[in-house]
Amino acid sequence: MKNKTGLLFLSLSCLLLGSCIENDLPYPVIQGVIQELETDGFQSATFNKETMEVAVLVDDTVDLRNLRITRMEVNSGALILPDSNACLDYRSFPDSTFRSLNELPLSANTRVDFTQDAFFTLRIYQDYRWRVSVTHNIKRQFQILDASGKAIQVGQPIVDEANKRIIVYVQKGTDLSNLIVGKMQIGSSIATTVPEPQTISDFRSPQFFEVTAFDQTERWEIVVTHSSGSGLTLSAWARRAYIVGDGNENTSINIQYRRKGEELWDQVYSDEITYEEGRFTATLRHLQPSTVYEYQATIGGETYNLAEFTTEEAPQLPNAGFEEWSKPDKVWLVYKEGDEMFWDSGNWGSATLNKNVTNYDEAIYHGGRRSAKLQSEYIVIRFAAGNLFAGEYIETDGTNGIIDFGRPFAARPTALKGWFRYKSTPITRDAPEENIADAQKGMPDQATIWVALGDWDAPVRVKTKKSERQLFDVNDEHIIAYQEINVAETVSDWTEFKLKLEYRSFTRTPKYLLIVASASKYGDYFIGGEGSTLWLDDFELVYE
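Now for a description of the structure that goes with this document. Bear in mind that the values here come from a model prediction, so they are computed numbers and not experimental data.

### Re the sheet that holds strand β13 (residues 192–194)
Strand order in the open sheet made by the five strands is β10-β11-β15-β14-β13, with mixed pairing throughout. The two strands at the open ends of the sheet, each matched to only one other strand, are β10 (153–160) and β13. Adjacent strand axes in the sheet meet at a mean angle of 25°, parallel and antiparallel pairs treated alike. Bridge count between strand β11 (residues 165–170) and strand β15 (residues 216–226): six bridges; the pairing is parallel. Within β15, the position partnered with Val-168 by the bridge is Val-224.

The structure is reproduced here in structure tokens:
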């Protein structure tokens, strides 16, 4: 078994020869890192430490030529050398970290021309050159109607950014000479468009529009054409399937399905069909796992012949009642010796100080003979939250953990349910510098349980060390489904929870399942109440 304690104590002995000492020790290597960066109109930012790049997304109403940085945090000891070409007054740009403009003198100037990438050098023994790019979050949209105002658009418009071209598909037989532009935003929401879109009705040939914002004009081409039909996409789950295709509320849709070999057909009814931006999603319900079905469809007069699909399996969680434990050394493990690990905990870190913050409880349980007991404690020098997760604890970095969340998983459950009890204590270990509104000293500690499915190519790496902090992001684009529950009060009796997964895509297939529970929600920040305890039992994945 690999050593996960990671606590190393190094000693350095120096040999002094004669009366002359030569100092030839190299400078330490500490990478300069931009940890946080925000601007006027800020919406989001992504940071890549390896490539030293920051990508910022801003509201489409701010002027990139004169954009003010409102927050720029770098690691301790780093000196900021601004871009003399991009900064409007680089001599007045702060040379050290700042969390808000209120921390800066009135003479400071943080305005930058971000029409092109800007470069900031962080000096800390060595120089580290960071590229910062800022992009408008432009939500381009185009809605077209027939002469009577009826929706006839099929699918979503195709936007060709490079060639400034938008292709819009409409139903077959639509008169392209007499259309109504219902909605159009090609550039910034405050841009002016010439000609006025509502004055154009003939789209038998491409139409061109000039869009002007921030003294810059772009010429866009709009092409409206008849749809040739893009086929149907079917995504089969364990107990349901989704058929997605082009169509709107006015499209005739007839879908039938049955188990292969049976005679009677089930019908997809109108209340089982939803529409969004020219696409429909039809739900086939009451299916059985690992079973072959067939379906046929007529969409807008186009017939799709008989086709087959097989539903997914409906796997369950191993050791879902937390009955099996082992302790080959001093770390309590949530699986029987010889079995394959699915669940892990932070015991690898706390056990270095002879504490296991996650253990079993044979006195308090819901089913079987044991439950999992997650108890938060302050251990000598650091707060440790009782926790349990699907994944693997990789190593301890000083007093910080490096963890891989997630286990390979390809099915699509609709919910995670289970039972819990919780003892909440007031937060005694806080971190005011983190500015977490619901995690201040004296407030009730919170338990958290969350579940996620995603199409990551590897487990999600989490690091709690502040200078390298890398936590799970609920807005990660790889997330397919997510749900959580937070409890900020003592719950003395066993209580059932059911986390109904909110799917962000019905057609993407998961690669990993993440389940995480903690007696202290902000344990990643080493915040919580000593003695807060969460009991868990009888987890189950639901397929409906």
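### Considering the sheet that holds strand β16 (residues 233–236)
One open sheet accounts for four strands, arranged β16-β17-β21-β20; its pairing is antiparallel. The open sheet has two edge strands with one neighbour each: β16 and β20 (273–276). Neighbour to neighbour, the strand axes of the sheet diverge by 20° on average, direction disregarded.

### Brief notes about unusual backbone geometry
Negative phi is the rule for most residues except glycine; trans is the rule for most peptide bonds. Here the amide bond leading from Val-194 into Pro-195 is cis, since omega sits at 0°, within 30 degrees of zero. Among the structural elements, Pro-195 can be located in the loop between β13 and β14 (207–213). A positive phi angle, close to 55°, is found at Phe-322, a residue other than glycine. With respect to the element layout, Phe-322 can be found in the loop between β23 (302–310) and β24 (343–344). A positive phi is found at Asp-538, a non-glycine position, where the angle reads about 55°.

### Section: the side chain of Thr-251
If you trace the backbone, Thr-251 turns up in the loop between β17 (241–246) and β18 (253–259). Here Thr-251 falls in the buried class, since its relative accessible area comes to 14%. Thr-251 has contacts with Gln-171, Ile-299 and Gly-300, leaving out every residue within four places of it along the chain.

### Some details on the pattern of salt bridges
Charged atoms that come close allow side chains of opposite charge to pair. In this structure the tally under the stated criterion is 32 salt bridges. Residues joined by salt bridges that share partners form a network here, namely Glu-38, Arg-71, Glu-73 and Arg-99.

Parameters and conventions
- Residues numbered from 1 in each chain as written.
- Predicted model: local features only at pLDDT ≥ 70, side-chain atom pairs only at ≥ 80, totals over all residues.
- Heavy atoms only, no water.
- Pairing = 2+ DSSP bridges.
- Helix = DSSP H or I, 4+ residues; strand = E, 2+ residues; numbered from the N terminus.
- Axes fitted to C-alpha atoms, helices over the stretch in contact; angles between N-to-C directions.
- Buried < 20%, exposed > 50% of the residue type's maximum accessible area, 1.4 Å probe, protein only.
- Contact = heavy atoms within 4.5 Å.
- Salt bridge = Lys/Arg side-chain N within 4 Å of Asp/Glu carboxyl O.

Treat this as a map of the structure, not an account of what it does.
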